[in-house]
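The chain contents come next:
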Amino acid sequence: MRYLLFFFLFSQVIVYAQEQNIASIHWKGNKKMSVKFMTNFIETKVGHPLDSLKINRDVAALTRLNGISNVTFEVVNTSLGYDVLFILIENWSILPNLS
């Protein structure tokens, strides 16, 4: 009986910890790349639960884009949920972006 009570309480803590979802996604450092274009390559979506594996796959997918040399991220816990910030370093080029 004691183990059953412990299991029940522990499972409630796990469920409560996963209740907060992603409230917003922000971008920093993008000068040439549009937010709409980069959003097509990420799995992380507003309103979905925070998943570190998805964010790591998003970083890899964004780094594979031709115009980006490095991507990092920050996650901030707010009262509304998690704010995800992708920090980009774009490749430097002499030629302007003609698109």
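First, a word on scope: everything that follows refers to the structure included in this document.

The rules we used
Residues numbered from 1 in each chain as written. Predicted model: local features only at pLDDT ≥ 70, side-chain atom pairs only at ≥ 80, totals over all residues. Heavy atoms only, no water. Helix = DSSP H or I, 4+ residues; strand = E, 2+ residues; numbered from the N terminus. Expected span 1.5 Å × (residues − 1). Buried < 20%, exposed > 50% of the residue type's maximum accessible area, 1.4 Å probe, protein only. Arc of directions from axis to C-beta. Polar contact = N/O pair within 3.5 Å; in protein donor to acceptor, adjacent residues only side chain to side chain. Core = buried A, V, L, I, M, F, W, Y, C linked by side-chain atoms within 4.5 Å. Contact = heavy atoms within 4.5 Å. Phe/Tyr/Trp six-rings, centres within 6.5 Å; stacked < 30°, edge-to-face > 60°.

Take helix H3 (residues 52-63) next. Over its 12 residues, H3 runs 17 Å from end to end, which matches the ideal 16 Å to within 8%, given 1.5 Å per residue. Along H3, the positions that sit buried rather than exposed are Ile55, Asp58, Val59, Ala61 and Leu62. For H3, the angular spread of buried residues about the axis comes to 165°, placing them on one side. For H3, the N-terminal cap is Asp51; the gap from its side-chain oxygen to the backbone nitrogen of Leu53 is 3.1 Å.

Another point: the nonpolar core. One finds Ile25, Trp27, Met38, Leu62, Ile68, Val71 and Phe86 to be the most contacted residues of the largest nonpolar core, which totals 15 residues. Elements supplying a minimum of two residues to this core: strand E1 (22-28), H3, strand E2 (68-78) and strand E3 (81-90). With residues near it in sequence (within four places) discarded, Phe86 still touches Ile25, His26, Trp27, Lys28, Ile42, Ile55, Asp58, Val59, Leu62, Val71, Thr72 and Phe73.

Let us now look at the packing of aromatic side chains. Taken as a whole and assessed by the stated rule, the structure comprises two aromatic pairs. Here the aromatic rings of Trp27 and Phe86 are separated by 5.0 Å at their centres, their planes lie at 25°, and the arrangement is stacked. Separated by 59 residues along the polypeptide, Trp27 in strand E1 and Phe86 in strand E3 bring together distant segments of the chain. Accessibility expressed as a relative area gives 15% for Trp27, which makes it buried. With 5.0 Å between their ring centres and 65° between their planes, Phe37 and Phe41 make a pair best called edge-to-face.

These results come straight from atomic positions and should not be treated as a statement about function.
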